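Coordinates in review
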Amino acid sequence: MRDLPRHRLFWPVLALTLLLVVNVVATPSFVQVRMQDGHLYGSLVDILRNGAPVLLVALGMTLVIATRGIDLSVGAIAAIAGAVACVHIAGSGDPGSAGTAITAIALALAVCVLLGLWNGFLVSVLGIQPIIATLVLMTAGRGLAMLVTGGQITTVNNSFFKAVGTGYVFTLPVAILLSLGVLAVTALVTRRTALGMLVEAVGINPEASRLAGVRSRTILWTVYVFSAFCAGLAGLMIAANTSAADANNAGLWIELDAILAVVIGGTSLAGGRFSLTGTLVGALFIATLATTVPTIGIPSETNYLFKAVVVIAVCLLQSPKARAAVWRRGRRRPSTVKAGRA
Amino acid sequence: MIRRMSAVAVGAVLVGSLAACGGGGSSDASDDDSITMGFAQVGAESGWRTANTKSIKDTAKQEGVTLKFSDAQQKQENQIKAIRSYIQQKVDVIAFSPVVETGWDTVLQEAKRAKIPVILTDRSVDSDDTSLYETFLGSDFVLEGEKAGDWLVENADEADTDKNGAVKVVQLEGTTGAAPAIDRAEGFKEKISADPRIEITASQTGDFTRDGGKKVMESFLKSQPDIDVVYAHNDDMGLGAIEAIEAAGKTPGTDIKIITVDAVKDGMTALAAGKINFIVECNPLLGPQLMDLAKKVVNGEDVPERVVTEETTFDQEQAKAALPDRQY
């Protein structure tokens, strides 16, 4: 029991729990989950469903960050995925069929893999710093998405495609099942094989791991492709959620949410060790925070401030130095009072 | 051969200068067809903007106005460059939608010195010197909010969907700090104060996007009991709210009334389908009014300093009638 606070997931989980408690106090029905039209319905389900894209992007980001890299282009890639899929569906001969949707999804993911190959090429072959290499697509990517949609919001009407974002299987949202599926596969591949260790090795010292016989370049390249793939899937969910591709706003700032989720989850930006469970907790935290703002009625003018304060508080909670400082002050105060009396 | 060409050239110069004299001498002599307009557009960032551009290009063609068009890709420096080039080309009139409100004084001074009148469209500039432009043609966002509020006051009995004597409104705001978001909220609030039963119980920004509108509405549906009305600052957020309401097992338009602003095609389709109850138009089709103003300005006629775009409102029946010819 005493070791519990030392577990690296203790503080993120505590923060998430506290945030949920705040919501329950503000709206007692917050935890209520009921059946509605044959699926689960409630705030908690919303958090899971709306958190799914962030979780996906954060999963890809976790591996990239573990190699001491960063991928800023995920938001733009998400926008491109949505744009490609929606434009394909809208332009096809049979815009309502499942076949069209599957082709559209495959096409969009293929484009994203290509973009991931490009990012990976810049980082692993040309040796450009990841923040710069992915900045290229971050700024240019939305332009590409605009080009695909012709600057318009493309609305589609395809029930199969819509299901990716809003559908339910076994009463649970498809979006979260997909994300958890990707999480499970990632965990299996990185933790049951040596791949996870190799990724960490590359993150700690690429040169040393290369000399030890690890194919650093291939591993680097792979994580960027994986990140772009996850971003693409997230982009499809975002587009499917409203059945529309909005090149300007889809996935806007999702890269920052994802990085935050990874960091809250305890993965260091300095590379090396990573925690997929931590990322899951971090993503759920971000999604809960987004739901908290309207639920407890924070005014629009101050909602960014509210988020900032919460995030700073969580970061301080996670910092051993900050905790130690608070702890020491808390202990010293009673003794100084005593000294004063004496 | 050379002599003949130079004769033609001299002739052309003479004719040109004569025409210039004529144009300067009496305004009636200048033919309407000969107007050249330089238009510096913001960019192509939304469906609304694309419709705006198309309207201006199409009307110019119809009215025989020679249009020099530039797309600033949402950058002020591009717009300033475009305006300077229009000044050098000595166009008859310059029109533009400023990307931002400030920083226009220098370039507009240059236009003024070159005696080229300037018309602002859609967005205004923040300058103390109103002599820098002839007129500002655009929507009145406060008025749009007032129209939405008026409709709700008139239909308050119907809008009280749960018949509990209170009309509870949730508001989906536009991007925090944007003029349309501030003004549309202000106009609406002002008008609904006429009926004490109407109350805004929650308000949150949905950033003018479908996704934002949907997420905020999902939370409102769970945290706010007995919502009667949704007032969304644009169609897109309203469309997102519709999805959230449907997912909650309620019928948008019946169980919860929806009022939006813009009247883009997707919004009008939802209105005609009965999912939205009322849309206040924010008209991007400024072309005809702009060309009309341009002609007046070039002919030296007086124009009002502020011209409000001709805008209407749509209920479900009107939407069904208007939908087939909706251009954007």
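Residues numbered from 1 in each chain as written. Chains lettered and ligands numbered in written order. Predicted model: local features only at pLDDT ≥ 70, side-chain atom pairs only at ≥ 80, totals over all residues.

Next up on the list: the overall build of chain B. Each helix and strand counted, chain B has twelve helices and twelve strands in total. Split into buried and exposed, the 328 residues of chain B put 47% on the buried side. Across chain B, contacts joining residues at least 24 apart in sequence account for 73% of those joining residues at least 6 apart. (Helix = DSSP H or I, 4+ residues; strand = E, 2+ residues; numbered from the N terminus. Buried ≥ 20, exposed ≤ 12 C-beta atoms within 10 Å, placed from the backbone. Contact = placed C-beta atoms within 7 Å.)

Let us look at the overall build of chain A. Summing up its helical and strand segments, chain A has 14 helices and six strands in all. Relative to the 2.2 N^0.38 estimate, which gives 20 Å for 342 residues, the radius of gyration of chain A is 22 Å and therefore close to what a compact globule would have. Structurally, chain A occupies a C-alpha span of about 90 × 55 × 40 Å along its principal axes. Burial analysis of chain A (342 residues in total) assigns 49% to the buried set. Long-range pairs, those at least 24 residues apart, make up 77% of the contacts in chain A between residues at least 6 apart in sequence. (Rg over C-alpha atoms; globule rule 2.2 N^0.38 Å.)

Moving on, we get to the packing of helix H12 (residues 276–296) of chain A against helix H8 (residues 210–223) of chain B. Interhelical geometry of H12(A) versus H8(B) gives an angle of 55 degrees and a closest axis separation of 8 Å. Here H8(B) runs oblique to H12(A), going by the angle between their axes. Between H12(A) and H8(B) lies a crossing of right-handed hand. Taking contact as the criterion, the partners of A:Ala290, A:Thr291, A:Pro294 and A:Thr295 in H12(A) are, on H8(B), B:Lys215, B:Val216, B:Ser219, B:Phe220 and B:Ser223. Split into classes, the residues belonging to the contact of H12(A) with H8(B) amount to four nonpolar, four polar and one charged. (Axes fitted to C-alpha atoms, helices over the stretch in contact; angles between N-to-C directions. Parallel < 35°, antiparallel > 145°, perpendicular 65-115°, else oblique. Left-handed = near helix turned anticlockwise from the far one by under 90°. Nonpolar A, V, L, I, M, F, W, Y, C, P; charged D, E, K, R; others polar.)

A word on the interface of chain A and chain B. By a frequent convention, interface size equals the accessible area lost on bringing the separate parts together. Facing 29 residues of chain A, the contacting portion of chain B comprises 27 residues. Looking at the side of chain A that touches chain B, the elements with two or more residues in it are helix H2 (43–66), helix H10 (216–242) and H12 of chain A. Here the residues of the side of chain A that touches chain B sort into seven nonpolar, 18 polar and four charged.

Moving on to H10(A). Residues and elements named next belong to chain A. Its 27 residues place the ends of H10 40 Å apart at the C-alpha level, agreeing with the 39 Å of an ideal helix rising 1.5 Å per residue. Within H10, 23 of the 27 residues are buried, leaving the element largely enclosed by the surrounding structure. Phi turns positive one or two residues past the end of H10, at Ser243, with a value near 55 degrees. (Expected span 1.5 Å × (residues − 1).)

With that settled, consider the domain arrangement of chain B. Residues and elements named next belong to chain B. Considered domain by domain, chain B is made up of domain 1 (32–139 + 284–311) and domain 2 (141–282). For domain 1 and domain 2, the distance between their C-alpha centroids amounts to 33 Å. The interface of domain 1 with domain 2 comprises four residues on the first partner and six residues on the second. (Domains from an automatic or database assignment.)

Right, let's get into the nonpolar core. Among the nonpolar cores identified, the biggest contains 103 residues, and A:Val57, A:Ile77, A:Ile80 and A:Ala85 are the most heavily contacted of them. No other element matches H10(A), which puts 17 residues into this core. Contacts of A:Ala85, omitting those with residues within four sequence positions, involve A:Ala104, A:Ile105, A:Ala108, A:Phe161, A:Leu236 and A:Ala239. By size, the runner-up hydrophobic cluster in this structure holds 88 residues, among which are B:Val42, B:Ile192, B:Val230 and B:Ala241. (Core = buried A, V, L, I, M, F, W, Y, C linked by C-beta atoms within 7 Å.)

On to the sheet that holds strand S8 (residues 229–232) of chain B, then. Residues and elements named next belong to chain B. In space, the six strands of this open sheet follow the order S7-S6-S8-S9-S10-S12, with mixed pairing throughout. The sheet is open, and its two borders are formed by strand S7 (198–205) and strand S12 (313–315), each paired with just one other strand. Within this sheet the neighbouring strands show an average axis-to-axis angle of 20 degrees, counted without direction. As defined by bridge partners, strand S6 (residues 167–173) adjoins S7 across seven bridges and the pair is classed as parallel. (Pairing = 2+ DSSP bridges.)

Take B:Glu144: it is sitting in helix H5 (residues 141–154). Put simply, B:Glu144 and B:Glu173 are 29 residues apart on the chain and 14 Å apart in space, counted from C-alpha to C-alpha.

Take the pairing of strand S9 (residues 257–262) of chain B next. All names here are of chain B. For S9, a buried count of six out of six residues is recorded, marking the element as mostly surrounded by other parts of the structure. The alternating pattern of S9 places Lys257, Ile259 and Val261 on one face and Ile258, Thr260 and Asp262 on the opposite face, and all of these are buried. Inspection of the sheet shows S8 paired to S9 by three bridges, in the parallel sense. Following the sheet pairing, Val230 is matched in S9 by Ile258. Handedness of the crossover joining S8 and S9 through helix H9 (residues 235–247) is recorded here as right-handed. Here S9 runs beside strand S10 (residues 278–281); their pairing, made up of four bridges, is parallel. Along S10, the bridge assignment pairs Thr260 with Ile279. For the handedness criterion, the β-α-β arrangement of S9, helix H10 (residues 265–272) and S10 is classed as right-handed. (Right-handed = clockwise from strand over helix to strand, strands pointing away.)

We now examine the sheet that holds strand S5 (residues 135–138) of chain B. Residue and element names in this part refer to chain B. If you trace the six strands from one edge of the open sheet to the other, you get S2-S1-S3-S4-S5-S11, paired in parallel fashion. The open sheet has two edge strands, strand S2 (66–71) and strand S11 (306–308), and neither has a second partner. Strand-to-strand twist in this sheet, taken as the mean axis angle between neighbours without regard to direction, amounts to 20 degrees. As judged from the four bridges shared by strand S1 (residues 36–41) and strand S3 (residues 93–96), these two strands associate in the parallel manner. Each residue of the ladder has a partner; that of Gly38, found in S3, is Ile94.

So, on to H8(B). The end-to-end C-alpha distance of H8(B), which contains 14 residues, comes to 20 Å, matching closely the 20 Å that a straight helix rising 1.5 Å per residue would cover. A large share of H8(B) lies buried, amounting to 14 of its 14 residues.

A few words now on the confidence of the model for chain A. Keep in mind that low pLDDT regions are not for reading the predicted coordinates in detail. All names here are of chain A. Confidence in the prediction of chain A, expressed as mean pLDDT, is 90, and 96% of residues score 70 or more. Taking the mean pLDDT of every element in chain A, the minimum, 67, falls on helix H14 (residues 320–341) and the maximum, 96, on helix H4 (residues 98–125). Within the model, the stretch residues 336–342 combines pLDDT values under 50 with zero contacts to residues more than four positions away or in other chains. (pLDDT = per-residue confidence, 0-100.)

Within the secondary structure, A:Ala104 is located in helix H4. Sequence separation of A:Ala104 and A:Gly82 is 22 residues, and the distance between their C-alpha atoms is 9.5 Å.

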